[in-house]
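Descriptive structure summary
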Amino acid sequence: MVESERLKVLGKGPRREGPVAYWMSRDQRVDDNWSLAAAQEMALARKAPLAVLFCLVPAYKGASRESFAFMLGGLIETARELARRKIPLVFLRGDPAVEIPRWVGEGAVSVLFCDFDPLREKKRWQEAVASKIGIPLFEIDGHNVVPCRFASPKQEYAAYTFRPKMKRLLPRFLKEIPSVERHPFRWPDEKEGERSLKVLAESLALLPAPQAALGPPGALAARSRLARFLDEGLARYDERRNDPNGEGQSGLSPYLHFGQISAQRVAFEVSRADVADEAKEAFLEELVVRRELADNFCLHNDAYDRFEGFPDWARKTLDDHRGDERPFLYDLPALEAARTGDPLWNAAQRQMVLRGRMQGWLRMYWAKKILEWSPSPEEALERAVGLNDRYELDGRDPNGYAGIAWSLGGVHDRAWPERPVFGKVRYMNLAGARRKFDVDAFCRSIPPFE
DNA sequence: ATCGGCTCGCGCAA
DNA sequence: TGCGCGAAGCCGAT
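Thresholds, definitions, all that
Residues numbered from 1 in each chain as written. Chains lettered and ligands numbered in written order. Predicted model: local features only at pLDDT ≥ 70, side-chain atom pairs only at ≥ 80, totals over all residues. Heavy atoms only, no water. Axes fitted to C-alpha atoms, helices over the stretch in contact; angles between N-to-C directions. Helix = DSSP H or I, 4+ residues; strand = E, 2+ residues; numbered from the N terminus. Parallel < 35°, antiparallel > 145°, perpendicular 65-115°, else oblique. Left-handed = near helix turned anticlockwise from the far one by under 90°. Contact = heavy atoms within 4.5 Å. Nonpolar A, V, L, I, M, F, W, Y, C, P; charged D, E, K, R; others polar. Near = heavy atom within 4 Å. Polar contact = N/O pair within 3.5 Å; in protein donor to acceptor, adjacent residues only side chain to side chain.

**Comments concerning the packing of helix α2 (residues 65-84) against helix α7 (residues 192-205)**
The interhelical angle for the contact between α2 and α7, taken along N-to-C directions, is 160 degrees, at an axis separation of 10 Å. Taken together, the axis directions place α2 and α7 in an arrangement best described as roughly antiparallel. The crossing of α2 and α7 is left-handed. Across from Ala69, Leu72, Gly73, Leu75, Ile76, Ala79 and Arg80 in α2, the residues of α7 making contact are Leu197, Leu200, Ala201, Ser203 and Leu204.

This is the structure in structure tokens:
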């Protein structure tokens, strides 16, 4: 039974007979998917067929072809899993605001479910779809462990204001998730799913061959990554996560971003793991508190990727320092090609481009240096967001926008001693990195661009 | 190696 | 209204 806390009615319409559909976007999995479970629950109650829709938006936010390949690889697995349960995955391409209503109308669908997503493009698509389809549109938040709208009704000032709310609510959401069963009511067009699978495979064939450095996509790969982390990484997570040398982090971020694994599943397994409480707390702090704080930030702050989204004190202090001399200025091509005077920054940039992921602590350092080396905060923000969205497998995600806003604009942070360019925004430098870990070993470990 | 100061504002206690 | 405290820090003093 899906909790009402996960549900928001985005569109209303008359109750009528007909198939049920789920417009999958951010949660691209079959297992542990509350939206899909809710859709099936309703379809079973109505003795109606069920289909899952996915609408691919070409060139979405400048994502790299490797990111698309990672997503499509996961979607093919999802399509096969759905087929085993006699549920077609219908694969559309184009503008969701056009394609979803068209398909819903042609199929005489009676109810549509969708995922929760706080980003503006997704909200606009959902609004457009809701206004066009004339049937109920139900949003289900199965991406967050504690549903975002329920966790807090406003933008949280910092982690310390959000953490107690999460701590209080988390236990009631750490539980088993209903599985999706073989659907007894057949979709009218039996070939629909097969045709989509073919289109998916063709789309994937046009993209670059999967690179081993990026890691394998899909729900199965995500589960085995989780199993390995529970086995080998979790116990020492607290001491190793901030060292870019080695495998201290879980490596789950790309899977979580595409919803190839459920955060609730990860949190549930971690909470039951046989390790010290400190290790669990440290990981759940990242997975739940920080990750879901990012959704909170984007949902309640329309300017989540703009200067105007920074807190007053940070905007003021950055304004005060606009005229400061910037001794090292790089243009975007120099940054993109990892040709700056900072070997650590260059290595971090290469790690992102070559592997589609950057170690967590380095992401902060990386973004702050872009502020230091850009003519204005606005330019820095645009560059950081653009590079992150393009090259990170987990780019185009609230976590990226919140992380960059933390680094450049003091979001969820506090004021620090005033200095050039940064003003009172927290500063980081290479000396600090050297204090924390072996910088040279890290730089050597990332190969140069050829 | 360790420590205090730097600095802002939220949220709670009073 | 006062007070404690906070994602990953820096820097200089001891």
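More follows now that the structure is in view.
**A few points about the packing of helix α12 (residues 277-300) against helix α18 (residues 398-409)**
Closest axis-to-axis distance for the α12/α18 pair is 8 Å, and the angle between their directions is 85 degrees. Comparing their axes, α18 and α12 come out roughly perpendicular. Contacts from Arg290, Arg291, Ala294, Asp295, Phe297 and Cys298 of α12 reach α18 at Pro398, Asn399, Tyr401, Ala402 and Ala405. The residue makeup of the contact of α12 with α18, split by class, is seven nonpolar, one polar and three charged.

**Focus: the protein's contact with DNA strand C**
In the neighbourhood of DNA strand C, 19 residues make up the surrounding shell, with Ala159, Arg290, Trp416, Arg426 and Arg435 lying closest. The contact atoms of DNA strand C, taken as those within 4 Å of the protein, divide so that sugar and phosphate hold 43%. At a separation of 2.9 Å, a phosphate oxygen of DNA strand C approaches a polar side-chain atom of Arg435. The residue inventory of the surface near DNA strand C, partitioned by class, reads eight nonpolar, three polar and eight charged.

**So, the protein's contact with DNA strand B**
The immediate surroundings of DNA strand B are formed by Lys154, Tyr157, Tyr160, Thr161, Trp313, Arg414, Ala415, Pro417 and Lys424. Within the backbone of Ala415, a nitrogen or oxygen atom sits 3.0 Å from a base oxygen of DNA strand B. One of the side-chain N or O atoms of Lys424 is found 2.5 Å from a phosphate oxygen in DNA strand B. Of the residues belonging to the surface near DNA strand B, the class tally is five nonpolar, one polar and three charged.

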